[in-house]
Amino acid sequence: MTLNRVTPVFVLLLGSLWGGDIQAEDTPKDMVEYFTSSGFSTPVAIVNSPAGVYVNGVTYVTYQGAKTDPYIASYHHETQEWQGPYKAGTSLLGKDEASAKDSHGKPTMLIDNDEYIHLFFGGHGGSDAFGENELGNVFRGMNKHVVSVKPYDISEFEELDNISPFGNYNQAIKMDNGDIYLFYRHGAHRSNWVYQKSTDNARTFSEPVSFLEATPRTDIDAHHSWYAWATKGSGDDIIVSYDYHVCWNITSAPFKARGGHFAERNNLYYMVFNTQTGIWRNVSGEELKVPVTYEAANAKALVTETGLDNWTFNGSVHLDENNYPHVTINTGRDLGKINWGGPKQTEYYRWNGQKWLGGNTVHPNANNKNLDTRGDFFLNDEGGFTFALGYKEGEDEIISYFEYDQKNQCFSKVSDLVKVKNANWAMSPMIENAHPDARFLAAEKVVGEKEWRRMYLVGDHGAVKRVESEANQ
Ligand code: ZN
């Protein structure tokens, strides 16, 4: 595997699949809340971050479409015109029966300082076809990188061969100086989490650097594993929140008792990477040696211990105006022989400069098994945080904003954004540099419909609408 070589392998198919101009005869009654019905399986998720970027008056979004391939669309806020969606690449996943609905490789977006659009997608651990994974194990797929042929042009992409094929759960971050960091898990469950750095607008990347260590456990019959979420912090910092997965061996008692592998995950951790010094530290500023081990994480990076009976699904992290981190984690009781444990609540923790506070539940009704409805949150104009969360109320599946009230130390609902019946939501993280009218993507998963999803671009005033004939093409 050569990481520093730029190889435009082939230029992907040109042309809109179902573009077309807004028709003069269309009237407002022909507008719908979704911009396409071509989302596939689980088209977006928090851990594939971000799924959109706002720049120069345009919101660019990406999601998983047919055969799990990455698609891209854009919305011009002033003219209210949509472009796309266009197919932007071809994943190795989704092409055979075994991986037909493997949504792990859904796309991540980055726009570099030369104004080219990059998508990272298609990985679920890679395979032996790419040689030995020296930083973990393999499963399937191939982590890929495509870039737009022209600046800010979503109609044509080419492949670059410059990231590890073993990656999955990409999180792409551009620093103020233009340096680009791609964070991901370097393989299947039993793999280190790493980053690759680029100083030339993602045309070449450094070799992967491990920051979380996935090694065999010596105390029990299991393997260390992690789920991390990275985003830009203050100045030169990248901030990372994560939870821990105990990956039991097939010879272990829990594996035998449950009759298989379970998504047993616990605890919440936080740490900071200074990209200029290369030094990692905990929330108190104490240096951490990387890759961070399970023991070191528990000793120095713990936000909260959930206990072995409470299983987790990691959320996201953002800084407030004092540069203190605020973190979410989804937790619920292990219910025995259920892969995900029990239903999970989104809980909120915050650092006050001295200690972690919180554990507050964002909304008690958002307590179902569908983990994709756990949204992201953002720093609002009042200096507080606004959380977007999907939940059920009667027959409605709603996405609403919730805000935390410091004085009363509880959450209250601010507004409903979108509401559907007989469906679930899958939600993206917040769009990078988001316009208030277009902060995140939501996929409507109609109960009983196994493949196709309507995709919504949602902001402070609800969904950004589109002419129905375009959205349904
Ligand atoms: Zn595992």
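These figures come from a predicted structure and were not determined experimentally.

J.: Looking at this model, I keep getting lost on the pairing of strand β31 (residues 452-459). Mind explaining?
T.: Successive side chains on a regular strand alternate, one facing one side of the sheet and the next facing the other. Of all eight residues that make up β31, six are buried, and the element is covered over most of its length. Across three bridges, strand β2 (residues 36-40) lies against β31 in antiparallel orientation. Looking at β31, one finds that Thr36 is bridged to Met455. Looking at chain direction, strand β30 (residues 440-446) and β31 are connected through five bridges and run antiparallel. Within the sheet, the bridge partner assigned to Phe440 lies in β31 and is Val458. Connecting β30 to the antiparallel partner β31 that follows it, the hairpin turn spans five residues, and Gly448 within it adopts a positive phi of roughly 95°. Strand direction decides the pairing type here: β31 and strand β32 (residues 462-463), joined by two bridges, are antiparallel.

J.: I would appreciate a short explanation of the sheet that holds strand β25 (residues 377-379) in the present structure.
T.: Strand pairing within a sheet occurs via backbone hydrogen bonds; the two strands may be parallel or antiparallel. Overall, antiparallel pairing links the four strands, which are arranged β25-β26-β27-β28 in an open sheet. Of all strands in the sheet, those with a lone pairing partner are β25 and β28 (410-421), marking the two edges. On average, adjacent strands in this sheet sit at an angle of 25° to one another, irrespective of strand direction. Taken together, the three bridges between β25 and strand β26 (residues 385-393) define a ladder with antiparallel strand orientation. Directly across from Phe378, in β26, lies its bridge partner Thr386.

J.: Would you mind going over the pairing of strand β17 (residues 265-274) with me for this structure?
T.: In terms of burial, β17 is a largely internal element, 10 of the 10 residues being buried. Here strand β16 (residues 237-248) pairs with β17 via eight bridges, running antiparallel. Following the sheet pairing, Ser241 is matched in β17 by Tyr270. Summarising the sheet, β17 and strand β20 (residues 302-304) pair through two bridges and their orientation is antiparallel. In the sheet register, Tyr269 faces β20, and the bridge partner there is Leu302. Relative to strand β18 (residues 280-281), β17 runs antiparallel, the two being bridged by two bridges. By the bridge assignment, Phe273 is partnered in β18 with Trp280. Connecting β17 to the antiparallel partner β18 that follows it, the hairpin turn spans five residues, and Gly278 within it adopts a positive phi of roughly 80°.

J.: It is not clear to me how unusual backbone geometry should be interpreted in this structure. Could you clarify?
T.: Trans is the common state for peptide bonds, and a negative phi is the common state for residues other than glycine. Between Gly84 and Pro85 the backbone carries a cis peptide bond, its omega angle lying at 10°. For Pro85, the position within the fold is in strand β6 (residues 81-87). Between Val290 and the following residue, Pro291, the backbone shows a cis peptide bond with an omega angle of -5°. Within the secondary structure layout, Pro291 lies in the loop between β19 (287-288) and α2 (294-300). Of note, the phi angle at Ala202 is positive, near 65°, even though the residue is not glycine. Positionally, Ala202 belongs in the loop between β13 (193-198) and β14 (209-212). On the accessibility criterion, Ala202 (0% relative accessible area) is buried. One non-glycine residue, Gln409, lies in the positive phi region at around 50°.

J.: Honestly, the coordination of the zinc ion in this entry has me stumped. Any pointers?
T.: The zinc ion binds to the protein through His189 (ND1), His245 (NE2), Cys247 (SG) and His261 (NE2); the donor distances cover 2.1 to 2.3 Å. Between the four donor atoms coordinating the zinc ion, the angles at the centre fall across 98 to 129°, so the site counts as tetrahedral. Motif for the zinc ion, donor spacing along one chain: H-x55-H-x1-C-x13-H. Residue His189 is found in the loop between β12 (180-186) and β13, and its partner Cys247 is found in strand β16; the two are separated by 58 residues along the sequence. By relative accessible area, Cys247 is classed as buried at 4%.

J.: What's the story with the side chain of Ser428 in this structure? I'm lost.
T.: The topology assignment puts Ser428 in the loop between β29 (423-427) and β30. The exposure class assigned to Ser428 is buried, which follows from its relative accessible area of 1%. Engagement of the side chain of Ser428 in a polar contact is seen with the backbone nitrogen of Leu441, the distance being 2.9 Å.

J.: Would you take a moment to explain the sheet that holds strand β23 (residues 345-351) for this structure?
T.: Strand order in the open sheet formed by four strands is β21-β22-β23-β24, with antiparallel pairing between adjacent strands. With one partner strand each, in any of the chains shown, β21 (310-319) and β24 (356-361) form the two edges of the open sheet. For this sheet, the mean angle separating the axes of adjacent strands, direction not counted, is 25°. Here β21 runs beside strand β22 (residues 325-333); their pairing, made up of eight bridges, is antiparallel. Counterpart to Asn310 in the pairing with β22 is Arg333.

Procedures and definitions
In every chain, residue numbers begin from 1 and rise along the written sequence. In view of the model being predicted, local features appear only for residues whose pLDDT reaches at least 70, and side-chain atom pairs are presented and counted only at 80 or more, with totals across whole chains, interfaces and linings using the full set of residues. Side-chain measures were taken over the full set of non-hydrogen atoms in the model, leaving aside hydrogen atoms and water. Accessibility here uses a 1.4 Å probe with only protein chains present; expressed as a share of the type maximum, an area under 20% marks a residue as buried, one over 50% as exposed, and anything in between as partly exposed. Going along the chain from the N terminus, every DSSP run of H or I of four or more residues is numbered as a helix, and every run of E of two or more is numbered as a strand. The criterion for strand pairing is that DSSP finds at least two bridges linking the strands in question. What counts as an axis is a line fitted to C-alpha atoms, over the stretch in contact for a helix, and the angles between N-to-C directions run from 0 to 180 degrees. Only nitrogen, oxygen and sulfur atoms within 2.8 Å of the metal, or 3.2 Å for Na, K and Ca, are treated as donors, and water is left out, so sites may look incomplete. Only four donors with every angle between 85 and 135 degrees are called tetrahedral; only four or six donors with opposite donors over 155 degrees apart and all others between 65 and 115 are called square planar or octahedral, in that order; all others are irregular. Polar contact is the term for a pair of N or O atoms within 3.5 Å; when the atoms are in protein, one must be able to donate a hydrogen and the other to accept it, and sequence-neighboring residues count only if both atoms are side-chain atoms.

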